[in-house]
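So the chains spell out like this:
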Amino acid sequence: MYLFNYLQNIKKRLVATITCSALVLFLAPANAAAKVAIKVDSAAPDFQLVNTQGETVMLADFAGKYVVLEWTNHLCPYVKKHYESDNMQGLQRKYTEQGVVWLSIISSAPGKQGHVSATKADALTQERKASPSHVLFDESGDVGKLYGAKTTPHMYIIDPKGTLRYAGAIDSIKSANPADIVKATNYVEVSMRSLMTGEPVDKKVTAPYGCSVKYKS
């Protein structure tokens with residue numbers, strides 16, 4: 001009887017081990033894909049996208065300048081929080097006036113929430129008094145996935161040498177309530193201030209919050 005119970009326990013442990021191993025193998029490709037998307041303090045992946053004027057814009061075009069990438073979807077409540085309060089536009093004005101390139105990127109696929117035409121995108125920029133350097137279209141989602149963009153908004157800062165210096169949330173309070181903006185630490189401002197004064201960025205990576213990017217798949 002003792003031998004029988006001992007063998008049964010061994011069998012259970014083997015089944016558990018095999019199940020866990022299978023789960024790890026199943027999850028490994030997704031985790032690996034997330035890890036290869038971007039790496040802070042490494043060269044920012046180059047890309048090219050079309051803007052609302054039909055012009056091709058390449059990240060490499062802005063070598064020697066700070067570049068802010070902002071993933072956006074005008075229908076997302078978290079994006080509305082930062083636009084209806086003028087918080088996002090304030091950041092755009094503040095930094096583009098200092099020579100920073102601000103690229104607003106729409107990765108919503110056709111038929112998905114947040115997908116707009118070039119005419120609509122320009123109208124939104126005008127209505128909201130926004131000041132991005134370009135609004136870019138990423139209908140395939142290739143650039144969003146390359147950067148691991150998960151939410152709208154999701155923010156990235158690239159320094160003049162083309163090195164990715166910050167990736168994550170716009171600020172520290174994960175809510176859609178505009179009243180929280182003044183209470184939050186604005187990670188974009190804090191990171192830009194550090195970079196422009198030669199100081200190390202305190203939080204290089206933070207967890208983004210907002211709506212999921214509406215990719216094609």
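Above this text you will find the structure in question.
Report on the accompanying structure. Keep in mind that this is a model prediction, so the values were computed, not measured.

### Digging into the side chain of Gln-92
Okay, so step 1: Tracing the sequence through the fold places Gln-92 in helix H3 (residues 87–96).
Okay, so step 2: When its relative accessible area of 0% is taken as the criterion, Gln-92 is described as buried.
Okay, so step 3: Within polar-contact distance, the side chain of Gln-92 engages the side chain of Glu-70 at 3.3 Å.
Okay, so step 4: When near neighbours in sequence (up to four residues on either side) are disregarded, Gln-92 contacts Glu-70, Tyr-83, Trp-102, Ser-104, Ala-130, Ser-131 and Pro-132.

### Thoughts on unusual backbone geometry
The bulk of non-glycine residues show a negative phi, and the bulk of peptide bonds are trans.
Okay, so step 1: Following Thr-152, the chain continues to Pro-153 via a peptide bond in cis, the omega torsion being -5°.
Okay, so step 2: Within the secondary structure, Pro-153 sits in the loop between strand E6 (151–152) and strand E7 (154–158).
Okay, so step 3: Positive phi, close to 70°, is recorded for Asp-86, a residue that is not glycine.
Okay, so step 4: In this fold, Asp-86 is placed in the loop between helix H2 (77–84) and H3.

### Considering the pattern of salt bridges
Okay, so step 1: Counted by the stated rule, this structure contains 6 salt bridges.
Okay, so step 2: A salt bridge links Asp-86 to Arg-93, with the shortest nitrogen-to-oxygen separation between them at 2.6 Å.
Okay, so step 3: What makes Arg-93 partly exposed here is its relative accessible area of 28%.
Okay, so step 4: The network of salt bridges with common partners includes Asp-41, Asp-159, Arg-165 and Lys-204.

### Examining the pairing of strand E8 (residues 164–168)
Okay, so step 1: For E8, the buried fraction is high: 4 of the 5 residues fall into the buried class.
Okay, so step 2: As judged from the 4 bridges shared by E7 and E8, these two strands associate in the antiparallel manner. Considered in E8, the bridge of Tyr-156 is made with Ala-167.

### Looking at the sheet that holds E8
Okay, so step 1: Across the sheet, which stays open at both edges, the 7 strands sit in the order E2-E1-E5-E4-E3-E7-E8 with mixed pairing between neighbours. Strands at the two margins of the open sheet, each flanked by one partner only, are strand E2 (56–58) and E8. In this sheet, adjacent strand axes meet at a mean angle of 30° when their direction is disregarded.
Okay, so step 2: Alignment of strand E1 (residues 48–51) against strand E5 (residues 134–137), held across 2 bridges, turns out to be antiparallel. Directly across from Asn-51, in E5, lies its bridge partner Leu-136.

### Quick look at helix H4 (residues 118–127)
Three- or four-residue spacings in an α-helix give side chains the same orientation, since the helix completes a turn every 3.6 residues.
Okay, so step 1: Buried within H4 are the following residues: Ala-121, Leu-124 and Thr-125. Along H4, the residues classed as buried sweep out an arc of 100° about the axis, all on the same side. Turned more than 90 degrees away from the buried face of H4 sit Thr-119, Gln-126 and Glu-127, all of them exposed.
Okay, so step 2: For H4, the elements touching its buried residues are E5.
Okay, so step 3: Where H4 terminates, the next one or two residues include Lys-129, which has phi positive at roughly 55°.

What counts, and where the lines are drawn
- Residues numbered from 1 in each chain as written.
- Predicted model: local features only at pLDDT ≥ 70, side-chain atom pairs only at ≥ 80, totals over all residues.
- Heavy atoms only, no water.
- Helix = DSSP H or I, 4+ residues; strand = E, 2+ residues; numbered from the N terminus.
- Buried < 20%, exposed > 50% of the residue type's maximum accessible area, 1.4 Å probe, protein only.
- Polar contact = N/O pair within 3.5 Å; in protein donor to acceptor, adjacent residues only side chain to side chain.
- Contact = heavy atoms within 4.5 Å.
- Salt bridge = Lys/Arg side-chain N within 4 Å of Asp/Glu carboxyl O.
- Pairing = 2+ DSSP bridges.
- Axes fitted to C-alpha atoms, helices over the stretch in contact; angles between N-to-C directions.
- Arc of directions from axis to C-beta.

Just distances and angles here, no functional claims.
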